[in-house]
Amino acid sequence: MNQNFSSPISFEKIPGRKYSPLWLTWSVLGVGMMLYLIGFFQRVAPAVMTSELMAAFGISAVGLGTLSASYYYSYVIMQIPTGVLADSWGPRKLLTAGGMIAALGAIIFSLAHEFFWANLGRILIGGSVAVGYVALLKLSSCWLPQKFYALAAGLALFFGVGGAVTAGVPLRLLIDTFGWRSSLFVSGLITFGCTLLTWWIVRDDPAAKGYRTFAPQTPSESGPVSISGMFTGLGTILQYRNTWLLFFSPGGVVGSILTFAGLWGVPYLKAEFNLDPAKGAAVCSLMMVCWAIGGPVMGGLSDRIGKRKPLYLAGCLFNSCGWALIIFLPDLSFGLFIFLTILTGFGGGATIIGFAFSKESVPAHLAGTIGGVINTGMMIGTPILQPVIGWILDLTWKGNLIQGVRVYDAASYKTGFAVMLVWSILSCFIVSFTKETHCRQVS
């Protein structure tokens, strides 16, 4: 059955209808999170195979940055369409279609022998998995009480970062054993299997299973949203100041984390601390895990204290301070670097508050649309930072080569990382101008 999310209105009017049991709620959300996990895996996979990719396609740092960022180009472009489609088609259709295309993209990338086809595979993956987080937010608004929305957003990130951890040491070990092409080909087959499971289990709303919905019931939710209605909703949310501020605020924070942990961290750690790729991947995974932990911790604390802005701002400040010390502190020991990695990643988790913050700042029936807009802002920093840092690396390259592949020194990486710091500081200023919602939905 293809139930539209708006259909529960009629069920809600039936006396005695109960809410769904927890096992069913978390089965639906858990399966949806599996595709989000796969999207994260594909997002950061290039970080542990930088040398292999540069050798396979004959590219320098800027070429590698472009190849990795091609995922984000399509991901960002698809976010707002995904948001409005989540309010029209429903999450089930979006997740299924996205999973099928992601599986195809992964297989194309694994088989590519030319730079064009490799980019095409990354573009297909990024554009298709773009549906994951917004669809999960939409599912959460229907399957969970409002008071758990920020916590659910953080848990979704935590689950997704599990994919990033899998793309760290485990993927590196698989590459060492089977090669990067075979490893990514199998990931495409696994994605296809998870997509079939999604279609079988996920439903847009508890009403499809005969239970009550947690979705806010408003007069505007009287049926499927038309195409013109979707873009009217987009125009509506753009009239709110918080929409703009919360769109621009996370780019520097999330972008810096994904640029480091998702691409340039492993080779930097080789240059700075002489870590092999597997150990470097473990450090990058640590940053991602701390980011994932920071999401539900700060989201849940925000729900508890009834405020969004203070914790969001504090997290951004932690992130900026961490990068400043990593870049400018002389004779940085490895132990202190690990501490700063934890601080920087955990602080970045505060950006998850932005989803609940923005949802409360606009009319409730536009939850999917605002989710797409904010997730665009979350991802917009990475496709800019990754190739820009690659360009800086090529600009400051000292001419060192190993087996025909360029090697960059730690000073070059830190010069590039300074761009991340500047954007992270700018994020702090933007958050400071947001208007507190006190965890209450705008009327």
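Residues numbered from 1 in each chain as written. Predicted model: local features only at pLDDT ≥ 70, side-chain atom pairs only at ≥ 80, totals over all residues. Heavy atoms only, no water.

1. Here's the deal with the overall build of the protein
Point 1. Broken down by element type, the protein carries 20 helices and two strands.
Point 2. Each principal axis of the C-alpha distribution contributes one length, and for the protein these read about 75 × 45 × 35 Å.
Point 3. Within the protein, the fraction of its 443 residues that count as buried is 58%.
Point 4. Taking all contacts inside the protein whose residues are at least 6 apart in sequence as the whole, residues at least 24 apart take part in 86%.
Point 5. As presented, the protein carries roughly 16,700 Å² of accessible surface, and 72% of it is formed by carbon and sulfur atoms.
Point 6. Between the mean site of the 27 positive side-chain charges and the mean site of the 16 negative ones, the protein shows a separation of 9 Å. (Helix = DSSP H or I, 4+ residues; strand = E, 2+ residues; numbered from the N terminus. Buried < 20%, exposed > 50% of the residue type's maximum accessible area, 1.4 Å probe, protein only. Contact = heavy atoms within 4.5 Å. Areas by Shrake-Rupley, 256 points an atom, 1.4 Å probe, with all protein chains shown as cover. Lys, Arg positive; Asp, Glu negative; His and termini not counted. Charge placed at Lys NZ, Arg CZ, Asp CG, Glu CD.)

2. Description of the packing of aromatic side chains
Point 1. With the rule as written, the count across this model stands at 22 aromatic pairs.
Point 2. Centre to centre, the rings of Phe57 and Trp180 are 6.1 Å apart; their planes meet at 65°, and the pair counts as edge-to-face. Separated by 123 residues along the polypeptide, Phe57 in helix H3 (residues 50-57) and Trp180 in helix H10 (residues 180-201) bring together distant segments of the chain.
Point 3. Residue classification places Phe57 among the buried positions, given a relative accessible area of 11%.
Point 4. With a centroid separation of 6.4 Å and 85° between ring planes, the pair formed by Tyr408 and Tyr413 is classed as edge-to-face.
Point 5. Of the aromatic side chains, those joined through ring pairs into one cluster are Phe260, Trp264, Tyr268, Phe273, Trp323, Phe334, Phe337, Tyr408, Tyr413 and Phe417.
Point 6. Seen from the ring of Tyr75, Arg43 lies directly overhead, with NZ or CZ sitting 4.9 Å from the centre.
Point 7. Over the ring of Trp397 we find Arg406; its NZ or CZ atom is 3.9 Å from the centre of that ring. (Phe/Tyr/Trp six-rings, centres within 6.5 Å; stacked < 30°, edge-to-face > 60°. Lys NZ or Arg CZ within 6 Å of the ring centre and 35° of its normal.)

3. Thoughts on a nonpolar patch on the surface
Point 1. There is a patch of nonpolar side chains on the surface, built from Leu111, Phe185, Val186, Leu189 and Ile190 and spanning about 450 Å² of accessible area.
Point 2. Broken down by element, the nonpolar patch gets its largest block of residues, four residues, from H10.
Point 3. The exposure class of Val186 is partly exposed, given its relative accessible area of 43%. (Patch = residues over 30% accessible without salt bridge, like charges linked within 9 Å, V, L, I, M, F, W, Y side chains within 5 Å. Salt bridge = Lys/Arg side-chain N within 4 Å of Asp/Glu carboxyl O.)

4. Let's talk about the pattern of salt bridges
Point 1. Scanning the model with the defined rule gives six salt bridges in all.
Point 2. Residues Arg406 and Asp394 are paired through a salt bridge, measuring 3.1 Å at the closest nitrogen-oxygen approach. One end of the pair, Arg406, is in strand E2 (residues 405-406); the other, Asp394, is in helix H19 (residues 382-395), and 12 residues separate them in sequence.
Point 3. A relative accessible area of 29% places Arg406 in the partly exposed class.
Point 4. In this structure, Lys398 engages Asp409 in a salt bridge whose closest nitrogen and oxygen atoms are separated by 3.1 Å. Here the residue Lys398 occupies a position in the loop between H19 and strand E1 (401-402), and Asp409 occupies one in the loop between E2 and helix H20 (410-431), the gap between them amounting to 11 residues.
Point 5. When salt bridges that share partners are traced, they join Glu52, Arg172 and Asp176 into one network.

5. Here we look at the environment of Val405
Point 1. Following the sequence through the fold, Val405 ends up in strand E2.
Point 2. Along the chain, Val405 and Glu52 lie 353 residues apart, while their C-alpha atoms are 9.3 Å from each other.
Point 3. Among all residues touching Val405, those that are not within four sequence positions of it are Ser51, Met54, Ala55 and Asn400.

6. Considerations on the side chain of Lys359
Point 1. Of note, Lys359 is situated in helix H17 (residues 353-360).
Point 2. Buried Lys359, no salt bridge; nearest opposite-charge side chain is Glu360, N-O distance 6.5 Å.
Point 3. Among all residues touching Lys359, those that are not within four sequence positions of it are Ser141, Gln146, Tyr149, Ala367, Ile370 and Gln441.

7. Observations regarding helix H15 (residues 309-328)
Point 1. For H15, with 20 residues, the first-to-last C-alpha span of 29 Å sits near the 28 Å given by 1.5 Å per residue.
Point 2. Residues of H15 that are buried include every one of Leu311, Tyr312, Gly315, Cys316, Asn319, Ser320, Gly322, Trp323, Ile326 and Ile327, and no others.
Point 3. Looking at the buried positions of H15, the neighbouring elements they touch are helix H12 (241-248), helix H13 (251-273), helix H14 (277-305), helix H16 (334-348), H17 and H20. (Expected span 1.5 Å × (residues − 1).)

8. Here's the deal with the confidence of the model for the protein
Interpretation of the predicted coordinates at a detailed level should be avoided for regions scoring low in pLDDT.
Point 1. Residues at a pLDDT of 70 or more form 91% of the protein, whose mean pLDDT is 86.
Point 2. A low-confidence stretch, residues 1-15 (pLDDT under 50), is modelled with 33 contacts involving residues beyond four sequence positions or located in other chains. (pLDDT = per-residue confidence, 0-100.)

9. Observations regarding unusual backbone geometry
Point 1. Of note, Asn274 is a non-glycine position whose phi angle comes to about 60°, a positive value.
Point 2. With respect to the helices and strands, the residue Asn274 is situated in the loop between H13 and H14.
Point 3. Its identity as a non-glycine residue notwithstanding, Asp331 has a phi of 50°, on the positive side.
Point 4. Among the structural elements, Asp331 can be located in the loop between H15 and H16.
Point 5. Take Asp331: its relative accessible area is 80%, and that puts it in the exposed class.

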